[in-house]
Amino acid sequence: MAMKAAPIWVCANHSPTHLGVSNLGPRRSGFGANLRFDPDKFRKWECSGVLAQKAKTPVEDEKPLTPGFDSLGGNDQTQITESRGFHKDLNSLPRPLSATGLSSSPSDGSKVRVAYQGVPGAYSEAAALKAYPNCETVPCDQFEAVFKAIELWLVDKAVLPIENSVGGSIHRNYDLLLGHRLHIVGEVQLVVNHCLLGLCGVRKEELKRVLSHPQALAQCEMTLNKLGVLKVSADDTAGAAQIVAADGLRDTGAVASARAAEIYGLDILEERIQDDWDNITRFLILAREPIIPGTDKPHKTSIVFTLEEGPGVLFKALAVFALRSINLLKIESRPQRKRPLRVIDDSNKGSAKYFDYLFYIDFEASMAEPRAQFALGHLQEFARFLRVLGCYPMDPTI
């Protein structure tokens, strides 16, 4: 298989001694004194179309982009209309973009266009409005359509949920980050306040079933069990509210946001029905181009890499951050779906098969800092593949 070039942050070739540490052996005591940064020698890390010397193994889903609309297939035309606050007429709501029916629409260019998955009133839309209060939000029916909307220049940014404090990581979106050539340029942390919604005049005791996204239903399990209602899955929370309003279902409620209630003209029968009140979802902001990292505020850097096989290799990979006092904020492992097993042959013990993993790491440092540059340069010594997904300011607000 031909090697595929992935845009990663790369450093000029230097020996390990120029990275602030000679090796991971016992001669570690002189590390602090040897850490020097020469701005002429290490002028910058930049997004490059070549892989690092160690990154020789192509990684799954790393497919080149195909410009234009022909590769998307399908003949459906989906209209993109502007989301302007609250809507009373359901027919005036923007129709979500689909991965097989993307088409551009005129825009005056005065607003940042931000794509999100779902329909108006979704929590992803609220995250987009928190990040860009005056933006034009563009709904998409699936996460894949969100990525394609940016790649085809239909929008400027996208907001993507990546993890929830109750439900954990959204693995599908980790896979999409690897399979597309977009950059993380920011993050948004949003408090999730689930509300029980119904038609006007309906009491919650009259409900026989409740619609919502499976995660929302699971997060409100105790309240819904007390009501004795049937839980029915929907594509998203705001979509559930839209169904109840459009079909006039008096015996059916929806778990969604207070904003969705106002958009679709529903009553809030009960607020904060989630089992854990401290329910926070973290979203990533994606763009076609990376931002220039700074040091004026706390930054986070997200990377993905694979490692050579061997004892203690993961320990060595994590040690490059500990040696430079870089705080790791998150580590996530994902099996490589197209090559899940790695076969190791041993003449004495025969062959063995292991899962081959991708490691996603968030660490608290800016790529403008020499210590972050040195750490990734050191990591390249035993990483078969390394890619910087983005360096961006941390969101300190909730």
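Worth saying up front: this structure is predicted, and the values here are computed from it rather than measured. (Residues numbered from 1 in each chain as written. Predicted model: local features only at pLDDT ≥ 70, side-chain atom pairs only at ≥ 80, totals over all residues. Heavy atoms only, no water.)

Participant: Looking at this structure, I do not really get the overall build of the protein. What am I missing?
Facilitator: Regarding its fold elements, the protein presents 10 helices and 19 strands. Per-residue burial over the protein gives 50% buried out of 398 residues. In the protein, 79% of the contacts between residues at least 6 apart in sequence involve partners at least 24 apart. For the protein, the computed accessible surface area is about 18900 Å², with 52% contributed by carbon and sulfur atoms. (Helix = DSSP H or I, 4+ residues; strand = E, 2+ residues; numbered from the N terminus. Buried < 20%, exposed > 50% of the residue type's maximum accessible area, 1.4 Å probe, protein only. Contact = heavy atoms within 4.5 Å. Areas by Shrake-Rupley, 256 points an atom, 1.4 Å probe, with all protein chains shown as cover.)

Participant: Could you clarify how one ought to interpret the pattern of salt bridges in this entry?
Facilitator: Two side chains that carry opposite charge are able to pair once their charged atoms sit near each other. A full pass over the atoms with the stated rule returns 17 salt bridges. For the salt bridge of Asp395 with Lys130, the shortest nitrogen-to-oxygen distance reads 3.6 Å. With Asp395 in the segment after strand E19 (383–393) and Lys130 in helix H2 (residues 123–131), this pair connects stretches of sequence that are 265 residues apart. Note that Arg282 and Glu187 form a salt bridge whose closest N and O atoms lie 2.8 Å from each other. With Arg282 in strand E13 (residues 280–287) and Glu187 in strand E7 (residues 183–191), the pair connects residues that are 95 residues apart, well separated along the chain. When sorted by exposure, Arg282 lands in the same class as Glu187, which is buried. Connected through salt bridges with shared partners, the residues Glu163, Glu187, Arg282, Lys300, Lys330, Glu332 and Asp362 form a single ionic network. (Salt bridge = Lys/Arg side-chain N within 4 Å of Asp/Glu carboxyl O.)

Participant: Explain the layout of surface pockets here, please?
Facilitator: The method is simple in principle: a probe with the dimensions of a water molecule rolls over the atoms, and the space it marks as empty is what remains. Size it by volume and the largest pocket reaches roughly 610 Å³. What lines the largest pocket is a set of 26 residues, and nearest its centre among them are Phe143, Pro161, Ile170, His213 and Gln215. Among the elements of the structure, H2, strand E5 (157–164), strand E6 (168–169), helix H5 (214–219) and E13 are those that each provide at least two residues to the lining of the largest pocket. The element best represented in the lining of the largest pocket is H5, accounting for 3 residues. When the residues that make up the lining of the largest pocket are grouped by side-chain class, the tally is 8 nonpolar, 15 polar and 3 charged. (1 Å grid on protein atoms, 1.4 Å probe; cavity = no way out; pocket = protein on both sides within 12 Å on 5 of 7 lines; lining within 4 Å. Points joined across faces, edges and corners; volume = space filled by probe spheres on them. Nonpolar A, V, L, I, M, F, W, Y, C, P; charged D, E, K, R; others polar.)

Participant: What's the story with the sheet that holds strand E10 (residues 230–233) in this structure? I'm lost.
Facilitator: Where strands meet in a sheet, backbone hydrogen bonds hold them as pairs that are either parallel or antiparallel. Overall, mixed pairing links the 5 strands, which are arranged E10-E9-E11-E8-E12 in an open sheet. Both edges of this open sheet fall to E10 and strand E12 (267–270), since each of them pairs with a single strand only. Shown here is a sheet whose adjacent strand axes are inclined to one another by a mean of 35 degrees, direction ignored. Alignment of strand E9 (residues 209–212) against strand E11 (residues 252–256), held across 3 bridges, turns out to be parallel. Bridge assignment links Arg209 to a residue of E11, and that residue is Thr252. Packing against the sheet, helix H7 (residues 237–247) makes contact with strand E8 (195–198), E9 and E11, and its axis sits at approximately 155 degrees to E11. (Pairing = 2+ DSSP bridges. Axes fitted to C-alpha atoms, helices over the stretch in contact; angles between N-to-C directions.)

Participant: Looking at this structure, how should I read empty space enclosed by the protein?
Facilitator: Counted by the stated rule, this structure contains 1 cavity of 30 Å³ or more. In this structure, the largest cavity spans a volume of roughly 60 Å³. As for the largest cavity, its lining consists of Ile162, Tyr174, Leu177, Ile184, Arg282, Leu284, Ser302, Ile303, Tyr360, Ile361, Asp362 and Leu389. Only helix H4 (171–179), E13, strand E14 (299–307) and strand E18 (357–364) provide two or more residues apiece to the lining of the largest cavity. Broken down by element, the residue count for the lining of the largest cavity peaks at 3 residues, all from E18. Across the lining of the largest cavity, the residue classes tally to 9 nonpolar, 1 polar and 2 charged.

Participant: Would you mind going over the packing of helix H3 (residues 143–151) against H4 with me for this structure?
Facilitator: Across the interface, H3 lies against H4 with an axial gap of 10 Å and an inter-helix angle of 30 degrees. On the basis of their axis angle, the class for H3 and H4 is roughly parallel. Here H3 and H4 pass one another in a crossing that is right-handed. On the side of H3, the interface is formed by Phe143, Glu144 and Phe147, while H4 contributes Arg172, Asn173, Leu176 and Leu177. (Parallel < 35°, antiparallel > 145°, perpendicular 65-115°, else oblique. Left-handed = near helix turned anticlockwise from the far one by under 90°.)

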